[in-house]
Structure formats: C-alpha cells, structure tokens
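One-letter residues, chain by chain:
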Amino acid sequence: MIVEDEVRLLNSLAYQIPWESHGIEVVALASDGLEAKSIFERKKPDIIIMDILMPEEDGLSLSGKMLKQTPDTRIIILSGHDDFQYAQKALEIGVFKYLLKPAGDEEIMNAVLEAAEATRKARETRHNFEALQSRWLDHLPRLRDGFLRNWVGGNYSDAEIHRLSRELSMAVHQRRPYCTAVSEVDPLLHTENRFTKTDMPLLHFSLYCIANELFGREGCFVFQDHDGATVVIFAASESESTGAFMQRTNQSMTQLVSIARECLKVTASAGIGLAGRMGSVSVSYKQARRALQERAVLGHEIVIPYREQSNVAYTFEFSDDLEKKLLIAVEIGERSESVAEIVSIFDKQMENLNTLYAFQEYRLYVQSLLIRVIHEQGWSVSDVLDEDSVYLQSPRGIQTKEQMQDWCQSMVGKIMSYAEAERKSGTHRLIKSILALIDQSLHEDITLHTAADRLYVNSSYLSRLFKKEMGKCFSDYVLERKMKKARELLQTGLKVSDAARSTGYLDTSYFIKLFRKFWGVTPGELKK
C-alpha cells in the first residue's frame, strides 16, 4: 500500500515503477492518514510506503498503531525531512526503512524488495516453528498414522516395518497373518435430506471413531487413509486358522456397518482383502479397496470380500442418437421435455451394468459425452457444471448406479440451464457493471482496486477478466475514457483546470502531461 498526500508523487509511485515485473502487487492507495488506516484494516498489506506529514494523522503516529496491530508489516518511510529525531522515532517504533525525498525509483524498489524478502523469511521461519510445535503437541498419534499409511502404501521393507513399529510402541508381529479392511460411508442419494456432500468428511470421521472404539482395544490398527476411508488392520491370534481369522474379520466389519447405520443414520459398506504376512499388508489394502468398489453394482450397506476377477472387456454399442438428442435440446431449448427424455435413456442403459468393469466403462462414456457436448458449444466445462465438474477430475466421486443416475440428471439440467442463460446474455454481467461504474466515476480517481472493492470482487480476477473481455487493461481503458471525456469538455469551451477536475485530476499540470501524451497536443492547443 502507498500512502502519500502529494497526488503527483502518489501516481508516480503507483504507476511509474514496474512493480509487477518484480512480483510486487500494489493493493491500495491512500492520500491521508484516516483513509490509510481504514484501508489497512481491510487489506492487511505486507509492505507500506508511508509519507510522514499528511492530513488527518501523521505517518509516524499511524505507523506505530499499525505495527502494534500487525508487527510483521514492513513500513518504509518516505520523508522530506532529514531531521534525526524523525529517523530516531521511526526506528524506535519499528519502521523497516527510512528514505529521504527525492528518493529514486531504483532506491525505492530496492527497499521494497528487501522488505518483501524479509517478510518471506519471517513467514518461513514462523511456518517451520509452528509445524514443529504442532508435531510435538500430538506427535505420537500423527507418527503412528503416518506409519500405518506408509505401511499399507507399500513404502517400507520388512526390516523398516519391524524397526519403526518398535520405535512407535506398536505391537507388529512378524510371523502372524494380517488382513486389511476398508470401510466408507455410502454415497448420499438425492432422497437424503439430513446431510449433504459437504457433511461427508464429518461422516467419514464419525465412522472412523466408531471403528476405533470397536477395534482399537483388540490389538487392531485403525486409521483414516488419505481419502478419509476407515482402514482396519486385523491381526490373527497365535493359534487361529486362516479360515477362522477371515470369518472373524468379516463378522467384525459387518458389526461396524450395522452400528454405523444405527448411530449415524446413514449406510456404510466395507471391503476386505486377503490375509498375509506383515509385508503383504499393502497388497491386502489394495484388494480391500478393490472389493469396496464392487458396491457400484452390488448396492449399499454390504461387506464385500475380495475375489479374483478377470478383466472382461465391455464394449458399448450405442448409436449417436443420445449425443444428437442432447445437442438438439441445447440448440432449441426445450428444457423440461429434453431433460426427462435424455435421463430416461441413461437410466435404461444403466440397467445392463452388471459388473464393476461395465460400470467404470459406462462412467467414462457418460463423462466424455457430456464434455463433447459442452465443448461443441464453445463453453468451459467448469463454467457449465460448476462444482459438479469435480466428478470429471476424480472418477471415484461417482461410486454407485444411484449416484450416476442423480449426477446425469443434474448435469443435463445444468447444461440446459446454461444454454438458456447464454441465449439471454451475450456479455458478461460483471463487465457491464464495471463499464457502467467507470462512466459514472470519470470525475473521480477510479482505480482497479476501488472498482474491485465497490463490486465486491478480487482485484486480480477483475483485472484478468477485464482484459480478456475488453482486449485492454483496466487502467488503459479508464485513461482512454477520461481523455475522450476531457476532449469533449474542452471543445465546449470549458477551462483546462475545470476539465481536469471533471475527469478526476486535481493536479492540472499532471492532467496536461497525460492529455498531451494521449492526444499529441496540449489542452490549450486543442481549444485553439
């Protein structure tokens, strides 16, 4: 943020120094102490260039208050006074640099870059300290969870498993069989009115808590994997046969699924891998994951043991009718009838999905179909599907037929709604608002940041959007509109000083300089 009451110097600091090429962003400008204080509380800039003598409140007093509030802020005083008392007071309150006017652009830039580097180092130091402190506070549970995730991930040798488990006081036996089970809350359907998909992380954590209470005292290892699923590593007892061990594991997971429905009022399913030595736990985990995927065709609230399957090819023999129907519906806009007809076709096709491979193949088919239809119109998938586009990036998000039916209906509806909105509006509504705001504010010092604040949007996003839609940057467009407005006013006989004020320039000489640079003549020459 730049705080300077001299308009010409303020504009020079903001627009004549190539900040962006050095990775620095000017987030705000202020011309007096009161305005600077208000902006500081909202913007929280990392670095501030501050004048000393200003209206409302002097720079040193204001700097002291800011540094008390956020000590990490780097303040660079730019003063016209070489009195030692000013510099001494600045150092006492913690000002980063004290520069004397007229400081050159290079000197100011170097001071800001030095402040930026100091900010980065301070953040890095604080981050490292906080990370170590957090690890210390709960280091043992975290280290154990990390060990278990790496164990099922196949990242350790047998010797490392033995050594690390001993260091973490975990009883891992080298000669006993282990079996891995994975459990998840089943995907929520549209009929579910108590929870939404945003509640899924909490539901998964609740399932983990139930499993930990059930099995944590039985010598089992219970944790959440990177996807939030509950993983249970069962260990066979010393004299237990493999068959009895697997039967006990199945019964335990069935109990977990039953309790989950009773306590959480939602269903859960589980997959169980094959038993093996401690070095085979990663294989058992992958098998359990694979078994859990079978609920796509077997249904919800089920415990599924792993079984070997051959990768049977699944070939679709669909005609182009579905894609044509969807494209025609988008063009003509008959929304309700089209959505119902297209969704019914999807439902009929899904009736024949009897294997996991068929389900996965069909899921890819539907996703590619919708992407083709969207791209055919020249649209962006993320714009059309909004938050549901995540299912295209992460196929595991759609795990059952019921989910697929819900998703297809929602996606077709979104495509039709987007098409309808596109027909009604050819220009971005936000750009229209910006252009109207500029025209209404030509008599003010309108900047990208003030426009972003008034429209409640991020300034960086606004800058990129404006350039994309208008073909020029925001400041160039504002300058063009102001210069055209000034020319019109001058041609009606208005004085140069009045034309300057009417276009937001309080400094007439600065206005004349800009006018001449833009039009090639001075305002006085234009009037003649």
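Here is what the cut-offs are and how they apply
- Residues numbered from 1 in each chain as written.
- Predicted model: local features only at pLDDT ≥ 70, side-chain atom pairs only at ≥ 80, totals over all residues.
- Heavy atoms only, no water.
- Core = buried A, V, L, I, M, F, W, Y, C linked by side-chain atoms within 4.5 Å.
- Buried < 20%, exposed > 50% of the residue type's maximum accessible area, 1.4 Å probe, protein only.
- Helix = DSSP H or I, 4+ residues; strand = E, 2+ residues; numbered from the N terminus.
- Lys, Arg positive; Asp, Glu negative; His and termini not counted.
- Salt bridge = Lys/Arg side-chain N within 4 Å of Asp/Glu carboxyl O.
- Polar contact = N/O pair within 3.5 Å; in protein donor to acceptor, adjacent residues only side chain to side chain.
- Contact = heavy atoms within 4.5 Å.
- Expected span 1.5 Å × (residues − 1).
- Arc of directions from axis to C-beta.
- Pairing = 2+ DSSP bridges.

Trainee: Requested: an account of the nonpolar core, with residues and values cited.
Mentor: In terms of nonpolar packing, the biggest core is built from 35 residues, with Phe-346, Tyr-362, Val-366, Leu-385, Met-404, Trp-407 and Ile-415 touching the most fellow members. Ranked by residue count, the leading element in this core is helix α14 (residues 356–376), at 10 residues. Grouped together as the second largest cluster of nonpolar side chains are 27 residues, Met-200, Leu-203, Ala-211 and Val-232 included.

Trainee: Explain unusual backbone geometry residue by residue, including any values.
Mentor: Residue Lys-101 is joined to Pro-102 through a cis peptide bond whose omega torsion reads -5°. Its location among the elements puts Pro-102 in the loop between β5 (97–100) and α5 (105–137). One non-glycine residue, Lys-44, lies in the positive phi region at around 50°. Mapped onto the secondary structure, Lys-44 falls in the loop between α2 (33–43) and β3 (47–50).

Trainee: Can you lay out the side chain of Asp-32 for me, pointing to particular residues and giving the numbers?
Mentor: Tracing the backbone through its elements, the reader meets Asp-32 in the loop between β2 (29–30) and α2. Nearest to the buried, unbridged Asp-32 among oppositely charged side chains is Lys-37, at 11 Å. Within polar-contact distance, the side chain of Asp-32 engages the backbone nitrogen of Glu-35 at 2.7 Å. Those residues within four positions of Asp-32 in sequence are excluded, and the remaining contacts are Val-3, Met-54, Pro-55 and Glu-56.

Trainee: Describe helix α8 (residues 200–215), and please don't skip the residues or the numbers.
Mentor: Given 3.6 residues per turn, any residue in an α-helix points the same way as the ones three and four places further on. The end-to-end C-alpha distance of α8 is 22 Å, a good match for the 22 Å that 16 residues give at a rise of 1.5 Å each. Taken together, the buried positions of α8 are occupied by Met-200, Leu-203, His-204, Leu-207, Tyr-208, Ile-210, Ala-211, Leu-214 and Phe-215. Projection of α8 onto a plane perpendicular to its axis shows the buried side chains occupying an angular sector of 160°, all on one side. Along α8, exposed side chains directed more than 90 degrees from the buried face belong to Pro-201, Leu-202 and Glu-213.

Trainee: Could you give an account of the sheet that holds β2, with specific residues and numbers?
Mentor: The 5 strands are arranged β2-β1-β3-β4-β5 in an open sheet whose pairing can be described as parallel. Edge positions in the open sheet fall to β2 and β5, since each of these has one partner strand only. Pairing analysis gives 4 bridges linking β3 to strand β4 (residues 74–79), with the strands arranged parallel. Bridged to Ile-48 within β4 is Ile-75.

Trainee: Give a description of the side chain of Ser-459 that names residues and reports values.
Mentor: Note that Ser-459 resides in helix α20 (residues 459–470). Ignoring anything within four residues of it in the chain, the contact list for Ser-459 reads Glu-25, Leu-448, His-449 and Ala-452.

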